[in-house]
Amino acid sequence: MGTVARFWRETPRRYNLGGNRCAHCGSVYFPPRSVCPTCETHRRSLGHLEPFQLSGDGTIFSYTVVHDAAEGFEMQVPYVLALVKTVEGPLLTGQVVDVDPREVRIGMKVRAVFRKLRAEGAAGVIHYGYKFARVPEEGRPAAGAPARAAVPSRPDAPAVV
Ligand SMILES: [Zn+2]
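Predicted, not measured: the structure shown is a model, and the values here were computed from it.

Draft legend 1. Quick look at the overall build of the protein. Secondary structure summary: the protein contains one helix and eight strands in total. Reading the protein from its N end, one meets helices and strands in the order α-β-β-β-β-β-β-β-β. A buried classification covers 19% of the 161 residues belonging to the protein. A separation threshold of at least 6 residues defines the contact pool for the protein, and within that pool the share at least 24 residues apart is 56%.

Draft legend 2. View of the nonpolar core. Core analysis: the biggest nonpolar cluster contains 11 residues, these being Ile60, Tyr63, Val80, Ala82, Val84, Leu92, Val96, Val110, Ala112, Tyr130 and Phe132. For this core, the secondary-structure elements that each account for two or more residues are strand E4 (57–66), strand E5 (79–86), strand E6 (91–97), strand E7 (109–120) and strand E8 (125–134). When residues of this core are assigned to their parent elements, the largest contribution, three residues, is made by E5.

Draft legend 3. The sheet that holds strand E3 (residues 49–53), seen in detail. In space, the three strands of this open sheet follow the order E2-E1-E3, with antiparallel pairing throughout. Each edge of the open sheet is held by one strand with a lone partner, namely strand E2 (28–29) and E3. Alignment of strand E1 (residues 18–22) against E2, held across two bridges, turns out to be antiparallel. Residue pairing for E2: Arg21 is matched across the bridge by Val28.

So, how was this worked out
- Residue numbers restart at each chain and count upward from 1, following the sequence in its written direction.
- Local features in a predicted model are, by the rule used here, given only for residues with pLDDT of at least 70; side-chain atom pairs are given and counted only at 80 or more, and totals for whole chains, interfaces and linings are based on all residues.
- A run of DSSP states H or I qualifies as a helix once it reaches four residues; a run of E qualifies as a strand once it reaches two. Both are numbered from the N-terminal end.
- Put simply, a residue is buried when 20 or more other C-beta atoms lie within 10 Å of its own C-beta and exposed when 12 or fewer do; between those, it is partly exposed, and each C-beta is set from the backbone.
- Throughout, a pair of residues is in contact if the C-beta atoms placed from their backbones lie within 7 Å.
- Nonpolar core, as used here: buried Ala, Val, Leu, Ile, Met, Phe, Trp, Tyr and Cys residues forming one set through C-beta atoms within 7 Å.
- Any two strands with at least two DSSP-identified bridges between them are counted as paired.

See below:
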């Protein structure tokens with residue numbers, strides 16, 4: 001884990017993934033819930049939900065490549081919007097950054113990073129939040145990536161959400 005740990009120590013990990021956890025059954029929720037739908041009777045979870053900070057670690061569960069930029073979003077198209085299965089359980093939706101959309105695949109390890117989300121109008125109000133960046137995998141052969149010309153054409157991406 002050395003390389004991965006070092007890589008992430010040098011990366012600012014400022015994001016807000018505050019969810020909560022049911023002390024009764026251990027289920028984790030993001031965003032936080034007031035009652036636990038997993039407990040057989042919701043009443044049993046009342047008063048047992050405690051703050052829980054998600055690690056931001058997860059894998060891509062599903063994704064789609066977006067070709068049209070939404071107004072106000074300062075992002076280059078195409079970009080990848082993914083459904084990420086966190087290690088704690090909750091599914092999060094977010095943009096995957098710093099990766100060629102053609103390299104994204106289901107099961108790819110990602111981690112939440114704190115990034116600029118959008119700038120709002122002339123006032124220039126900037127919103128920040130989490131996005132996802134690829135976690136480099138140990139022992140991945142550096143020369144293993146196929147040349148772009150060698151990638152067979154395929155339907156753009158699995159549909160999502
Ligand atoms: Zn519960």
